[in-house]
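Per-entry structural report
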Amino acid sequence: MKPIFLACFLVCMSAAAMAQAPDFRRLDRFISALDKRGLINGSLVISQGEKLLYNRSAGFSVRDSNGIHKPDAGTVYRVGSVTKMFTAVMVFQLVEENALRLEDTLSAFFPKLPNAAKITIAQLLQHSSGLPDYTADPHFQEWMDRPQTHAQMLERIEGMAPLYAPGGKPEYCNTNYLLLGYIVERVGELDYSAALKQRITDRLGLQHTYFGHPIDVARNEARSYKYNSGKWVRQKETDMGIHEGAGSVMSTPGDLVLFMEGLYTGKLLRVQAVNEMMGMKDGYGKGLFPYDYGFIKGFGHNGRIEEFYSAVRYFPEKKLAIAYVTNGILYPRNDIIDVALKACFNDSFDIPFEGFKKPGKDSLLPYAGVYISPDLPFKVNCQVKDGRLLIEAAGKSMKAEPVSRNYFMDLVSGSFFVFDPGSGSLQVKETDNVYNFRKE
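Per-chain numbering applies: the sequence of each chain, read as written, is numbered from 1 onward. Per-residue local features are limited, in this predicted model, to residues with pLDDT of at least 70; the limit for side-chain atom pairs, both in listing and counting, is 80 or more; totals at the level of whole chains, interfaces and linings are taken over all residues. Computation of side-chain values: all heavy atoms of the structure, hydrogens and water removed.

**Overview of the overall build of the protein**
In this text, helices come from DSSP runs of H or I with a minimum length of four residues, and strands from runs of E with a minimum of two, each type numbered from the N-terminal end. Along the protein, the regular secondary structure elements total 12 helices and 21 strands. The C-alpha atoms of the protein give 23 Å as radius of gyration, which agrees with the globular expectation for 440 residues (22 Å, within 12%). Seen along its three principal axes, the alpha-carbon backbone of the protein occupies a region of about 70 × 50 × 50 Å. Residue exposure (1.4 Å probe, protein chains only): buried if accessible area is under 20% of the type maximum, exposed if over 50%, otherwise partly exposed. Looking at the protein residue by residue over its 440 residues, the buried ones come to 52%. Looking at the protein alone, contacts between residues at least 24 apart form 64% of all its contacts between residues at least 6 apart. Surface accessibility in these figures is a Shrake-Rupley result with a 1.4 Å probe; residues are shielded only by whichever protein chains are displayed. By element, 51% of the accessible surface of the protein is carried by carbon and sulfur atoms, the whole surface being about 19700 Å². Here the protein carries 51 positive and 49 negative side-chain charges, and the mean point of each set is 5 Å from the other. We compute the radius of gyration over the C-alpha atoms and compare it with the globule rule, which gives 2.2 Å times the number of residues raised to the power 0.38. By the convention used here, residues are in contact when the closest approach between their heavy atoms is within 4.5 Å. Charge counting treats Lys and Arg as positive and Asp and Glu as negative, with His and both chain ends excluded. Charge positions come from single atoms, namely NZ of Lys, CZ of Arg, CG of Asp or CD of Glu.

**Examining the nonpolar core**
With 76 residues, the main nonpolar core has Leu106, Ile121, Leu179, Ile200 and Phe259 as its most contacted residues. Leaving out residues up to four positions away in the same chain, phenylalanine 259 has contacts with Met85, Phe86, Val89, Ile200, Leu204, Leu206 and Leu268. Definition used in this section: a nonpolar core is a set of buried Ala, Val, Leu, Ile, Met, Phe, Trp, Tyr and Cys residues joined via side-chain atoms within 4.5 Å. Grouped together as the second largest cluster of nonpolar side chains are 40 residues, Leu34, Leu39, Trp232 and Leu320 included.

**Quick notes on helix α2 (residues 25-36)**
The length a helix should cover is 1.5 Å for every residue beyond the first. Helix length check: α2 (12 residues) gives 16 Å between terminal C-alpha atoms against 16 Å at 1.5 Å per residue, within 8%. Among all positions of α2, only Leu27, Phe30, Ile31, Ala33 and Leu34 are buried. Seen from one end, α2 has its buried residues packed into an arc of 155°, which puts them on one side. In α2, the exposed residues that point more than 90 degrees away from the buried face are Arg25 and Lys36. In this description, one arc is meant: the one made by directions from the helix axis to the C-beta atoms.

**What to know about the side chain of serine 61**
Mapped onto the elements, serine 61 comes out in the loop between β2 (51-58) and β3 (62-64). Residues contacting serine 61, with those up to four places away along its chain left out, are His69, Lys70, Pro71, Thr75, Ala222, Arg223, Tyr225 and Asn327.

**Brief notes about helix α6 (residues 150-158)**
An α-helical turn contains 3.6 residues, so a residue and the one three or four places further along point in the same direction. Buried within α6 we find Met153, Leu154 and Ile157. Looking straight down α6, one finds that the buried residues subtend no more than 95° of arc, so they occupy a single side. Turned more than 90 degrees from where α6 packs its buried face, Ala151 and Glu155 sit exposed. Buried residues belonging to α6 abut α5 (140-143) and α7 (174-188).

**Here's the deal with the sheet that holds strand β6 (residues 210-211)**
Think of it this way: DSSP has to see at least two bridges between two strands before they count as a pair. Taken together, the three strands give an open sheet; going across it, the order is β5-β9-β6, and neighbouring strands pair in antiparallel fashion. Every other strand in the sheet has two partners, leaving β5 (77-78) and β6 as the edge strands with one partner each.

**Here we look at the packing of α2 against helix α11 (residues 333-344)**
Direction vectors running N to C along α2 and α11 enclose 160°, while the axes themselves pass 10 Å from each other. One finds that α2 runs roughly antiparallel with respect to α11. By crossing handedness, the relation of α2 to α11 is classed as right-handed. Listed contacts from α11 to Leu27, Phe30 and Leu34 of α2 are Ile336, Val339, Ala340 and Ala343. Here an angle of 0 to 180 degrees is reported between the N-to-C directions of two axes, which are lines fitted to C-alpha atoms, with helices fitted over the stretch in contact. Each angle is binned into one of four classes, with values under 35 degrees roughly parallel, values over 145 roughly antiparallel, values of 65 to 115 roughly perpendicular, and all other values oblique. Handedness of each helix crossing follows the sense of rotation of the near helix against the far helix: counterclockwise by less than a right angle gives left-handed, clockwise gives right-handed.

Nothing here speaks to function; it is all geometry.
So this is what it looks like as structure tokens:
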């Protein structure tokens, strides 16, 4: 089949798949299989055309002396860098009001910052300012849980050397959106919390989205946990004020899909501004990133703060919105999002541990071998012993349990292994990290 006809065929197949209403019963079985094993924590929401299609929470939101608290549709999570979409929207609102221009330079607000006279608002939005990331401060872990004034944050940034000249190839940097949040406050004459409420949450009727504060379990707010050697360990809380426009928002997946729908239906910005946000340079938009599904264009943002991880996707052509937030990763987040997308587009996927025959010794042999990576200083040694797949890597010995086809896990270490015997490749997944290896 010639490439052009193949492309048209795939587009038509994707369109036909979405035209058929998704059946989320299989997605439900997928999440239930993970929940039964304690592999998933968080909430997933899917909507289309402003109609809620799917809403499921699993795992725990809090573990404390009162026991294990289960999440529900109203559980609020810290959403980290998803905040940047909110900040970008408020910047473009100020542009539409002629209170700000994308060509304005940083020197009008913070003249002491490196290259302030050359850095534009547009470059901040698109992560091409060249400014250093304040989270790269070697002492960040020491002060991240203590309140910081704007003056303290600005002084830190002033003392850090620029990474490259403004306008260069984009490089993700929290400082860009921290400063944009400060600019929203100055130009709009409202602090970030009040601006967020007035400009976005009140307009859209978002009931569970607000500027962050110390976590309050009584308000159905989740805590953050990291899986370590078979145990969940509660994480230190960041003082949310230090991140402001870069990562201060708390929300629910339900509110996040409403936000995306509001953005793309003209409730927050005109079409021209949304198109400007979607304009890409080296994979970076202005507050949005590309997340295509095959040939179907998608946009959104990921977020992380402590061990909260969030992901928001919107597919304008299909009017489809997806949001997933977790307060502690065990089963890889990206694999959960991938399955949710496959369910939306009626593509096939395996149900973990369901209908999967435990592989025998001979069927494990294709996985055996030594795997190497040019980017990592250690090898992964896989061998079959007593009918089990044993894996050694980075000083750890792991017993791989089958999850589904070519997919294994070691629950104690929280490591997941995806083999491709045909190509001799191996992916090792831990939390949100993916490491690629190939047979030696």
